[in-house]
Amino acid sequence: MTAEVVTARRRGRNHTLWFWIFVGPFALGLGLFTYVPLLWSVALSFFDAHNTVTPTDFVGLGNYTALLSDDAFVDSLRTFLVFTAFIVPTTYVFSLALALMVNRVRRARAFFRSVFFLPAACSYVVAALVWKMSVFSGVRFGLANTVLGWFGGDPVAWLSTTDPPWYWLVIVSVRLWLQTGFYMILFLAGLQRIDPGLYEAAAVDGARPGWPVLRNITLPQLRATSVAVVLLLVINAFQAFDEFYNLLSDARGYPPYARPPLVYLYYVALGQGQNLGLGSAGAVILSLIIVVVTAGQARWFGLGSREE
């Protein structure tokens, strides 16, 4: 064995050692605090686990059938569908519009980019409380009711009025304010990757600026970014909790309307019953729905397919 081969092997061992020194702690933490609880939650879903994380009564699919036959859980899934129908298209349109405007700015672009992105750094809890206590407060001194008063309107109890359901305006607007800037950054990155020569060629061919250029050049070039944005929006809508809970709950508890899946599971697993088995089954069902919906969207949009 030559000296060069021995030296190469030693270098390989050193590289492997340093790899595990840097990656090992993170891999260990990921396994202990993510994958082990995830697997244990799946195991709990097959047991009758009231007030315990070490159950002994195996119930099989009993928790799953109980959840799927529970009208409250099914209604929480309908709430998610309504929330998704509101938040996904509005966030897409607003974030794309902001990206197009910021991309056209020649001066202080970094300033406007930072200003629109700043709400994304705000806590969902803090934003929900500001919306609840200041912007859409049910009293006449709230900002929204003050504006209504300027036009002769009566104060509206935004979060407790169900006919019409004004609470959706509050929930959607706070999520829209919080996340539009983040998706604007994604669209802005996509816009800056588009070859300017495409727009120059379109101008030479007589294409008018505006909708024809947006439809025939910009949107097709943003296809990959658009798919990623829609996927992230749907997944984040499934995980909605903070704004719903902090906007609608009070000292009396949570109202029966606008209860998304995570809020429902929160009360099932951590409420008076402490039914961790039923809550784990709901978490598994929700995770499976997210996987199926995400895979279906990816298939529909052709994500990952080989380009012709």
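Before reading further, recall that the structure is shown in the block above.
Residues numbered from 1 in each chain as written. Predicted model: local features only at pLDDT ≥ 70, side-chain atom pairs only at ≥ 80, totals over all residues. Heavy atoms only, no water.

A. The overall build of the chain, seen in detail. Counting its regular elements, the chain contains 13 helices and zero strands. Start at the N end of the chain and walk to the C end: the helices and strands fall as α-α-α-α-α-α-α-α-α-α-α-α-α. In summary, the chain has a C-alpha radius of gyration of 25 Å against a globular reference of 19 Å for 308 residues, an excess of more than 25%. Dimensions of the chain along its principal axes, counting C-alpha atoms only, are 80 × 70 × 35 Å. Burial statistics for the chain: of 308 residues in total, 35% are counted as buried. Considering only contacts in the chain between residues 6 or more positions apart, those separated by 24 or more positions represent 66%. (Helix = DSSP H or I, 4+ residues; strand = E, 2+ residues; numbered from the N terminus. Rg over C-alpha atoms; globule rule 2.2 N^0.38 Å. Buried < 20%, exposed > 50% of the residue type's maximum accessible area, 1.4 Å probe, protein only. Contact = heavy atoms within 4.5 Å.)

B. Local environment of the pattern of salt bridges. Summed over all chains, the structure comprises three salt bridges. Ionic pairing is found between aspartate 75 and arginine 78, a salt bridge with its closest N-O pair at 3.9 Å. Residue aspartate 75 and its partner arginine 78 are located together in helix 3 (residues 71-104), separated by three residues, close to a single helical turn. The partner of arginine 252 in a salt bridge is aspartate 250, with the nearest N and O atoms 3.0 Å apart. The class of arginine 252 is exposed, set by a relative accessible area of 79%. With a relative accessible area of 37%, aspartate 250 lands in the partly exposed category. (Salt bridge = Lys/Arg side-chain N within 4 Å of Asp/Glu carboxyl O.)

C. Spotlight on helix 5 (residues 124-135). Listed in full, the buried residues belonging to helix 5 are Ala127, Ala128, Trp131 and Val135. Along the axis of helix 5, the buried residues cluster in a sector spanning 100°; they form a single face. Here the buried face of helix 5 lies against helix 6 (143-150), helix 7 (167-192) and helix 11 (242-248). (Arc of directions from axis to C-beta.)

D. Here's a closer look at unusual backbone geometry. In the segment running from aspartate 163 into proline 164, the intervening peptide bond is cis, with an omega of 0°. Structurally, proline 164 can be placed in the loop between helix 6 and helix 7. A positive phi angle, near 60°, is found at alanine 108, a position not held by glycine. Turning to its location among the elements, alanine 108 is positioned in the loop between helix 3 and helix 4 (109-117). Of note, alanine 258 is a non-glycine position whose phi angle comes to about 50°, a positive value. Within the element layout of this structure, alanine 258 appears in the loop between helix 11 and helix 12 (261-270).

E. Looking closely at the nonpolar core. In terms of nonpolar packing, the biggest core is built from 49 residues, with Phe83, Tyr167, Ile171, Phe244, Leu247 and Leu248 touching the most fellow members. The greatest single-element share of this core, amounting to 13 residues, is contributed by helix 7. In terms of nonpolar packing, the next biggest core, distinct from the first, is built from 10 residues, Tyr264, Leu278, Val284 and Ile285 among them. (Core = buried A, V, L, I, M, F, W, Y, C linked by side-chain atoms within 4.5 Å.)

F. Structural context of the packing of aromatic side chains. Under the counting rule described, the total for this entry stands at 22 aromatic pairs. Taking the centre distance of 5.5 Å and the plane angle of 50° together, the rings of phenylalanine 73 and tyrosine 264 count as tilted. Placement of the pair is phenylalanine 73 in helix 3 and tyrosine 264 in helix 12, with a sequence separation of 191 residues. Side by side, phenylalanine 73 and tyrosine 264 carry an identical accessibility label, which is buried. Among the aromatic side chains, those forming a connected cluster through ring pairs are Phe83, Phe86, Tyr167, Trp168, Phe244 and Tyr257. Positioned above the aromatic ring of tyrosine 267, the side-chain terminus of arginine 259 is 5.5 Å from the ring centre. (Phe/Tyr/Trp six-rings, centres within 6.5 Å; stacked < 30°, edge-to-face > 60°. Lys NZ or Arg CZ within 6 Å of the ring centre and 35° of its normal.)

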